[in-house]
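# Analysis of the macromolecular model
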Amino acid sequence: MKAYFLVWLKLTVQQFQSQIANSRVAALIFIFGKVFRLASAFLMLYVIMDKAKLIAGYTLSQAILILALFNFVSTVSQLFMRGIYIFRQKVVDGTFDFYLLNPLSELFYSLFSYTDPIDLMLIVPYSLLVAWAANNAGYPLTFPTIVILFCVLLTVFTMIMSWHILILAIGVKYLEVDNTIMLYRDLEHMAAMPINIYGKFGSAIMTYLFPFALMATIPANLVFKLQSPAIMLGFFVLAMLQLKFALYIWTSSLKSYSSASS
Amino acid sequence: MNKYFSLFAITLQEIFAYRLNMLMWRVRQVFVFLVPFFIWKSVLGAGGMIYGYSFAAIMTYLFGTTILRSLVMGSRTIDLGWMINTGALTIPLMRPIRLFIFFFVRDLADKIFNLGFMLIELPLIYFIFKPPLFLQFDPIKLLLTAISIMLAILIYFYINIIFGSFAFWSKDTWAPRFLLMVIMEFATGAMFPLDMLPQLWQNILYCLPFPYLLYVPLKLYLAADSAPLGHLTIAIVWALILYAITKYIWHKGISSYEAEGR
């Protein structure tokens, strides 16, 4: 475990140095773009709820917390699992073969080797935004709430990781990763709103199949005390089952890998 | 003329070569529609109006943005930055073709591909969700809409050439393009109709080229534009300004092009 952490740290520092050395202006543009995107999402929510007052039973300040939580969880998961966006290229140019020869897990390199330093910098303001939104909604974050949210974060991270592993497995077998991960990201945006708006069937899929309900609506419900923290036990079991299944599919996909590119 | 027809056919063949990729792209376009559909359904599905929009009007707007995105924003010119950075631009430069027409024909092929699939997907979405729609039959309004769409296609084409041309001077073309995408998502009216914003914001946005890509053509279709001829005139002015900027930047860029990588 220590070796994995040290390698991840080294790769992240290198990534940071590369960004500072080669693309400082680009990094600033990215930060501005991300903040602008978040601001426009908040603006949309405000515009709608200025007239509608309630969305799926949530007030504006509650919906803002859901959006802030979604933004935070989505950023944290993307921050660590950035490698998926360049995985296709790694298979095509044969770099994936080097991952397979490496003493560390090929999955670790495929998924965690391109941590985005820009996202890393945004984590602090995004977490402060969550704290502000909770306070604004009338539910200031207490120590027990933070512990519960941390448990949710670990569980949802496991579920998101499982989906990323499944997409990588598709990449190994069919070389199709880019649009699949972007499709996942498009779907993920559904989590930015209370999942009740997608109807019973839609919200069931987003809760039990995808990790989307657990990204924002369920943790918000836990903050609002609309759901019991005990439900997290069920989600923890579900996350473990999804991870086991994803690892099985990954292993199977590796067996059919022909290393044709190298 | 024949060579451009061949180019058109080759571009379509390129798109169809990677079928899973193409399928995932189309599935993504459907989901782009579904998220705002559910948001507006939860707010207006039971009746009433927001900012003068009924559920039928907002659904028509949503259907319209989905179609127009395919038609206006379907583009292969986004590859220009990559072509400059890898030296791939050298190949079309050496051929007896006019480069702007080369890019425009490739764009047209992409638009026809997107529109073709849209015509299959949208009826499916319509029959599944049965949203109320407003159909425009007034020939004058339809003519103004068609002119506005043609201007939108030109404006977007020039914007793409300008942003792609940054690659003549910088390896980082993705950062400005990301910022452009984020700004366009908001300023074109793709997220929500721009007349939901305060008047001052609308006035500022009308001075930019972005509302003329989606928002203005749709308002013309809905016969809800307060100054149709004025907005069409501004769109023409923007198309001319962007054409002049494109010519200038391209001329400057091509004289510093080193065909690096070839």
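Residues numbered from 1 in each chain as written. Chains lettered and ligands numbered in written order. Predicted model: local features only at pLDDT ≥ 70, side-chain atom pairs only at ≥ 80, totals over all residues.

## Focus: the overall build of chain A
Short version of the rule: Each helix corresponds to a stretch of at least 4 residues labelled H or I by DSSP, and each strand to a stretch of at least 2 residues labelled E; elements are numbered beginning at the N terminus. Here the globule rule reads 2.2 Å times residues to the power 0.38, and the radius of gyration is calculated from C-alpha atoms. To sort residues by burial, count the other C-beta atoms lying within 10 Å of each one's C-beta; a count of 20 or more means buried, 12 or fewer means exposed, and anything in between means partly exposed. C-beta atoms are built from the backbone. In this description, any two residues whose backbone-derived C-beta atoms lie within 7 Å of each other are considered to be in contact.
Of regular secondary structure, chain A possesses 13 helices and zero strands. Counting helices and strands in the order they occur from the N terminus, chain A gives α-α-α-α-α-α-α-α-α-α-α-α-α. At 19 Å, chain A has a C-alpha radius of gyration in line with the 18 Å of a compact globule built from 262 residues. Oriented by its inertia axes, the alpha-carbon framework of chain A measures out at about 60 × 40 × 35 Å. When the 262 residues of chain A are sorted by exposure, 37% land in the buried category. The long-range share in chain A, meaning contacts at least 24 apart out of those at least 6 apart in sequence, stands at 77%.

## Brief notes about helix 8 (residues 143-174) of chain A
Applied cut-off: Here the expected length of a helix is defined as 1.5 Å per residue gap, with one fewer gap than residues.
Here helix 8 of chain A spans 46 Å end to end across 32 residues, near enough to the 46 Å set by a 1.5 Å rise per residue. The positive-phi residue at the C-terminal boundary of helix 8 of chain A is Leu 175 of chain A, with phi of around 65°.

## Overview of the interface of chain A and chain B
Applicable threshold: For this scheme, ten residues count as nonpolar: Ala, Val, Leu, Ile, Met, Phe, Trp, Tyr, Cys and Pro. Four count as charged, namely Asp, Glu, Lys and Arg, and the remainder, Gly too, count as polar.
Across the boundary between the two partners, chain A contributes 29 residues, which contact 27 residues of chain B. Looking at the side of chain A that touches chain B, the elements with two or more residues in it are helix 2 (24-52) and helix 9 (178-188) of chain A. If one sorts the elements of the side of chain A that touches chain B by residue count, helix 2 of chain A sits on top with 13 residues. Among the residues making up the side of chain A that touches chain B, the classes are represented as 19 nonpolar, six polar and four charged.

## Let's talk about the nonpolar core
Note the cut-off: Connectivity within a nonpolar core runs through C-beta atoms within 7 Å, and the core itself is a set of buried Ala, Val, Leu, Ile, Met, Phe, Trp, Tyr and Cys residues.
Formed by 130 residues in total, the largest nonpolar core has its most connected members in Leu 65, Ile 66 and Leu 69 of chain A together with Ile 155 of chain B. Ignoring sequence-local partners within four residues, the contact set of Ile 155 of chain B consists of Pro 209, Tyr 212, Leu 213, Ala 235, Trp 238, Ala 239 and Leu 242 of chain B.

## Some details on the packing of helix 8 of chain A against helix 9 of chain A
The geometry of a pair of packed helices is captured by two quantities: the angle between their axes and the separation between those axes. Residue and element names in this part refer to chain A. Rules: To obtain each axis, a line is fitted to C-alpha atoms, and for helices this fit is confined to the stretch in contact; angles are then taken between N-to-C directions over 0 to 180 degrees. Any angle that falls under 35 degrees is termed roughly parallel, while one over 145 is termed roughly antiparallel, one within 65 to 115 roughly perpendicular, and all others oblique. Here a crossing is called left-handed whenever its near helix is offset anticlockwise from the far helix by less than a right angle, and right-handed whenever the offset is clockwise.
Where helix 8 meets helix 9, the axes come as close as 9 Å, and the angle between the chain directions of the two elements is 155°. As far as their axial angle goes, helix 9 and helix 8 are roughly antiparallel. Note that helix 8 runs across helix 9; the crossing there is right-handed. Along its contact with helix 8, which presents Trp 163, Ile 167 and Ile 170, the element helix 9 presents Thr 180, Ile 181 and Tyr 184. Class assignment of the residues belonging to the contact of helix 8 with helix 9 gives a composition of five nonpolar, one polar and no charged.

## Comments concerning the confidence of the model for chain B
Quick note on the threshold: pLDDT is defined as a per-residue confidence score from the predictor, taking values between 0 and 100.
Averaged over every residue, the pLDDT of chain B is 88; residues scoring 70 or more account for 99%. Here the predicted complex carries an ipTM of 0.85, next to a pTM of 0.85.

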